Amino acid sequence: MSDTKGRTMYVILLGPPGAGKGTQAVQTAERTGLLHLSTGDMFRENLRNGTELGNLAKTYMDAGELVPDDVTIGMLLERIGRDDARAGCLFDGFPRTVEQARALDEALTAQGQEIAVTVLIDVSNEEITRRLGGRVSCATCGSVFHQVFNPPDASKPCCDVIKLIQRDDDKPEAIANRLQVYADQTEPLVAYYTAADKLSTVNGEQSPEAVGQDLLSALEAVSN
Ligand code: AP5
């Protein structure tokens, strides 16, 4: 998929914790061929591998705080410099601060690229609390489910060794803090991308299929 100027597409999925960014990113990456890059998944992978970065990130993640900008920006910029990112990226959970957004803009500008569109998945705090409280994911393959809204399908197992777990940051105290952190540090990005005329908003309180269709329409509006 390329933008209206024929360039590689870089797309941001923005939204509060639990808005459905990861759920939508997996499906949209499959449909568009864009590389799905989730900074949360990168930190969790580092944690599983016992790296220094993973252990550092865990202290912030468990409390629902953001990992410091210098660490997160360094990790993301290294990742988008690799060959497989040259076909375009779908950013999930990055940027989360204005400083991160500026660093991404500078890195893309240096490559003659820019963000094509930022899609805000709009969901109320009440709905988010319901979603995160019921979220489970498979520790083996990372597939994400919801105990009520999106339960695992026994006839279509996600992998050979299904092991469903709840994330440590989906405990009630961490959820409340993540929502506050989003309001304080990430919501200013709505104004940032609106000022750049790069914001599109979809209603996240529909079925995952309907949200996915609206998201695809937003990408088609800026692609050729
Ligand atoms: P991260 O992993 O990015 O978490 P998040 O942004 O808080 O987002 P979530 O993964 O919680 O939710 P989501 O929007 O992907 O929703 P999902 O699809 O899972 O970050 C975790 C931590 O890492 C951060 O707190 C921070 O510490 C650190 N971090 C990461 N990036 C960072 C950065 N850039 N800077 C600094 N620190 C960073 O869906 C949620 C649930 O709802 C699921 O159960 C799903 O099945 C269900 N669901 C999805 N869509 C629907 C629907 N339409 N209807 C009903 N249910 C639905």
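So, a few notes on the structure that sits alongside this text. This is a predicted model, so every value here is computed, not measured. (Residues numbered from 1 in each chain as written. Predicted model: local features only at pLDDT ≥ 70, side-chain atom pairs only at ≥ 80, totals over all residues. Heavy atoms only, no water.)

Right, let's talk about the site of the ligand for a bit. Near the ligand lie 36 residues; those nearest to it are T23, E65, R96, R135 and R178. One of the side-chain N or O atoms of R44 is found 2.8 Å from an oxygen atom in the ligand. In this structure, an oxygen atom belonging to the ligand sits 2.6 Å away from a main-chain N or O atom of E65. Burial of the ligand by the protein amounts to 96% of the accessible area it has alone, namely 1,000 Å². (Near = heavy atom within 4 Å. Polar contact = N/O pair within 3.5 Å; in protein donor to acceptor, adjacent residues only side chain to side chain. Areas by Shrake-Rupley, 256 points an atom, 1.4 Å probe, with all protein chains shown as cover.)

Here five strands make up an open sheet; going across it, the order is β2-β3-β1-β4-β8 and the pairing parallel. Each edge of the sheet is formed by a strand with only one pairing partner; in this case those strands are β2 (35-38) and β8 (199-203). Each adjacent strand pair in this sheet contributes to an overall mean axis angle of 20 degrees, direction not counted. As paired elements, strand β4 (residues 115-122) and β8 share five bridges and run parallel to each other. Its bridge partner being in β8, T118 is matched across the sheet by L199. The strands touched by helix α5 (residues 98-110) are β1 (10-14), β3 (89-92) and β4; relative to β4, the strand with the most contacts, the crossing angle is about 150 degrees. (Pairing = 2+ DSSP bridges. Helix = DSSP H or I, 4+ residues; strand = E, 2+ residues; numbered from the N terminus. Axes fitted to C-alpha atoms, helices over the stretch in contact; angles between N-to-C directions. Contact = heavy atoms within 4.5 Å.)

A few words on the sheet that holds strand β7 (residues 164-165). Here we have three strands laid out as an open sheet, ordered β6-β5-β7, and antiparallel in their pairing. Bordering the open sheet on either side are β6 (144-146) and β7, each of which pairs with just one other strand. Along the sheet, helix α6 (residues 125-134) contacts β5 (135-138) and β6; its crossing angle with β5, the most-contacted strand, is approximately 40 degrees.

Here we take up the side chain of D170. Along the polypeptide, D170 turns up in the loop between β7 and α7 (172-186). With a relative accessible area of 2%, D170 lands in the buried category. The residues contacting D170, other than those within four sequence positions of it, are L132, R135, I175 and R178. (Buried < 20%, exposed > 50% of the residue type's maximum accessible area, 1.4 Å probe, protein only.)

Turning our eyes to something else, we now look at the pattern of salt bridges. Evaluated as defined, the whole model comprises 14 salt bridges. Where R131 meets E127, a salt bridge forms, and the shortest distance between an N and an O atom there is 2.9 Å. Placement of both R131 and E127 in helix α6 is noted, with a separation of four residues, approximately one turn of the helix. E127 matches R131 in its accessibility class, with the two residues each being buried. In this structure, D170 and R135 form a salt bridge, with 2.8 Å as the shortest nitrogen-oxygen distance. Separated by 35 residues along the polypeptide, D170 in the loop between β7 and α7 and R135 in strand β5 bring together distant segments of the chain. (Salt bridge = Lys/Arg side-chain N within 4 Å of Asp/Glu carboxyl O.)

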